[in-house]
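A closer look at the structure
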Amino acid sequence: MSELLKRIDARTKLAGSNKLEMLLFSLGTDERTGREETFGINVFKVREVMRIPKITHAPDMPPSVEGMVSLRGVLVPVVDLIKYVGIQNAKPPQIMIVTEYNGHTQGFLVESVDTILRIDWSAMKVPPEMLTAQMGGLITAVTELKDGRIVMMMDVEKILAETSSYVDDAAISSLKPIPVAGRTIFFTDDSVVARKQIEKTLSALDVNYISATNGKEAWHELQKIANRADALGQKVTDVLQLILTDVEMPEMDGYVLTRNIKSDPRFAGIPVLMHSSLSSDANAHLGRSVGVDEYVPKFEPHKLAEVLTRLLVTKPGA
């Protein structure tokens, strides 16, 4: 237990330091290109890594969903990432990475795992447009290792949206507009899937929005908003009533973005709502430690709508 507490404490110290721990893994050599790419996943989302247990296959599943496995009495869906990405590899996957998002557990089949890399989020760059197009929007960030390898961080939310009922648009359609008009929020998220769901939720609530795709871009845009308000003799609260941020983003994560916002007096009175698939109590605590006002798990539109409605009904600074 003492060793576990040490690991938790070490990770806790990453909050606000703009650092990331990634588990690196491979999907094998693609026979069409002869290349073996390196991918990464946030260690915070990894529960365990194991040899592939017996998989129970089920009918009418998406092609890349292999079936279910029983982990300590709980049935967990299993996605073959080699098939999902479309890599032609004659070797079968050897390893299962068990991950947890928003309380949902799933297994990802990969060929091999490499190591855990600690890196600064500023070294994670927005992927080039060519790579984004080539990978179908699956990659949210890239970085280059000292040995010349390129590591690509996968948009796991996109994978889950396309292989499960993880994203429920029917829940959004039942939302009601908030009882006040003219509210505007700023949100940032590097996942295409998450951004689309946020936009749909805000549209259903009849809330105006401005958006960015990562923390660095968000901070730049927020400073422009604050400078414009200063020039017009306005308070920032006159033009913006809430900021919604993801945690994992290239170049600047949500913890550092929040710390920047909370240290700038021009944003005083504007609540910061952290919206993340890193939904454990520990991660909520990390958010609060840098000044986040509230923490809402991703892909729970009713919960997000409930918190937004409560925070937006009373205008900040009023």
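Criteria and thresholds
Note on numbering: residues in each chain are counted from 1, in written sequence order. Whole-chain, interface and lining totals are the exception, using all residues; otherwise, since this is a predicted model, local features are given only for residues with pLDDT of at least 70 and side-chain atom pairs are given and counted only at 80 or more. To obtain the side-chain values, all non-hydrogen atoms of the structure were used and water was disregarded. To qualify as a helix, a DSSP run of H or I must reach at least 4 residues; to qualify as a strand, a run of E must reach at least 2; elements of each kind are numbered from the N terminus. A simple rule labels every residue: compare its accessible area, found with a 1.4 Å probe on the protein chains alone, to the largest value its type can have, and call it buried under 20%, exposed over 50%, or partly exposed in between. When checking whether two residues touch, look at their non-hydrogen atoms; a contact exists if any pair is within 4.5 Å. To measure how exposed things are, a 1.4 Å probe is used in the Shrake-Rupley method; for residues, cover is taken only from the protein chains shown. Take the number of residues in a helix, subtract one, and multiply by 1.5 Å to get its expected span. Any two strands are treated as partners once DSSP identifies two or more bridges connecting them. Where helices are involved, their axes are fitted lines through C-alpha atoms of the stretch in contact, as for all axes, and angles between N-to-C directions lie from 0 to 180°. Angles are sorted into four bins: roughly parallel if under 35 degrees, roughly antiparallel if over 145, roughly perpendicular if 65 to 115, and oblique for all others. With the far helix as reference, a near helix turned anticlockwise by less than a right angle produces a left-handed crossing, and one turned clockwise produces a right-handed crossing. Here the term charged refers only to Asp, Glu, Lys and Arg, the term nonpolar to Ala, Val, Leu, Ile, Met, Phe, Trp, Tyr, Cys and Pro, and the term polar to all other amino acids, Gly among them. For cavity detection a 1 Å grid was placed over the protein atoms alone, and a set of points counts as a cavity when a 1.4 Å probe fits there but cannot get out; an open set counts as a pocket when protein lies on both sides within 12 Å along at least five of seven lines, with lining residues being those that have an atom within 4 Å of a point. Grid points are joined across faces, edges and corners, and a volume is the space filled by probe spheres set on the points. Identification of polar contacts relies on pairs of N or O atoms within 3.5 Å, with a donor-acceptor requirement for protein atoms, meaning one able to donate a hydrogen and the other able to accept it, and with residues adjacent in sequence counted only if both atoms are side-chain atoms.

Take the overall build of the protein chain next. Assigned secondary structure in the protein chain consists of 10 helices and 15 strands. Classification of the 318 residues of the protein chain by burial places 52% in the buried group. Looking at the protein chain alone, contacts between residues at least 24 apart form 66% of all its contacts between residues at least 6 apart. Element-wise, carbon and sulfur atoms account for 52% of the exposed surface of the protein chain, whose accessible area totals about 14,800 Å².

Right, let's get into helix α10 (residues 301–313). With 13 residues, α10 ought to run about 18 Å at 1.5 Å a step, and its terminal C-alpha atoms sit 18 Å apart, in line with that. Three or more residues of α10 are buried, namely Pro301, Leu304, Ala305, Val307, Leu308, Leu311 and Leu312.

Moving on to the pairing of strand β4 (residues 65–71). The buried fraction of β4 amounts to 5 of the 7 residues, a majority that puts the element mostly inside the structure. In the sheet, β4 pairs with strand β5 (residues 74–80) via 6 bridges, with the strands oriented antiparallel. Note that in β5 the partner of Val69 across the bridge is Val76. The hairpin turn running from β4 into β5, its antiparallel successor, is 2 residues long, and Arg72 in that turn takes a positive phi close to 50°.

Attention shifts here to the sheet that holds strand β1 (residues 19–29). The 5 strands are arranged β8-β1-β2-β10-β9 in an open sheet whose pairing can be described as mixed. Each end of this open sheet is capped by a strand with a single partner; those strands are β8 (112–120) and β9 (139–144). Strand-to-strand twist in this sheet, taken as the mean axis angle between neighbours without regard to direction, amounts to 35°. Note: β9 against strand β10 (residues 150–154), 5 bridges, orientation antiparallel. Bridge pairing links Val142 to Met152 in β10.

Take the packing of helix α7 (residues 215–231) against helix α8 (residues 254–263) next. Where α7 contacts α8, the two axes come as close as 9 Å, and the packing angle between them is 20°. Here α7 is positioned roughly parallel relative to α8, judged by the angle of their axes. The two elements α7 and α8 meet at a crossing, and its hand is right-handed. Counted together, Gly215, Ala218, Trp219 and Leu222 of α7 and Leu257, Asn260 and Ile261 of α8 form the full contact between these two elements. Here the contact of α7 with α8 is built from residues that sort into 5 nonpolar, 2 polar and no charged.

A word on the layout of surface pockets. Of the pockets and cavities examined, the second largest pocket occupies roughly 390 Å³. Of the residues that constitute the lining of the second largest pocket, the class distribution is 8 nonpolar, 4 polar and 4 charged.

Residue position: Thr258 is located in helix α8. Among the polar contacts listed, one links the side chain of Thr258 to the backbone oxygen of Gly254, at a separation of 2.8 Å. Among all residues touching Thr258, those that are not within four sequence positions of it are Thr245, Val272, Met274, Val290, Gly291 and Val292.

On to empty space enclosed by the protein, then. Within the structure shown, the criterion is met by 3 cavities of 30 Å³ or more. Taken as a whole, the largest cavity holds about 140 Å³ of empty space. For the lining of the largest cavity, the secondary structure elements donating two or more residues are β2 (36–42), β10 and α4 (156–163). Considering each element in turn, the lining of the largest cavity owes the most residues, 3 residues, to β2. Here the lining of the largest cavity is built from residues that sort into 5 nonpolar, 4 polar and 7 charged.

This next bit is on the sheet that holds strand β7 (residues 104–110). The 5 strands are arranged β3-β6-β7-β5-β4 in an open sheet whose pairing can be described as mixed. Of all strands in the sheet, those bounded by a partner on one side alone are β3 (46–51) and β4. Mean inter-strand twist for the sheet, computed between neighbouring axes without regard to direction, equals 30°. Contacting β4, β5, β6 (95–101) and β7, α4 crosses the sheet at an angle of about 100° to β7.

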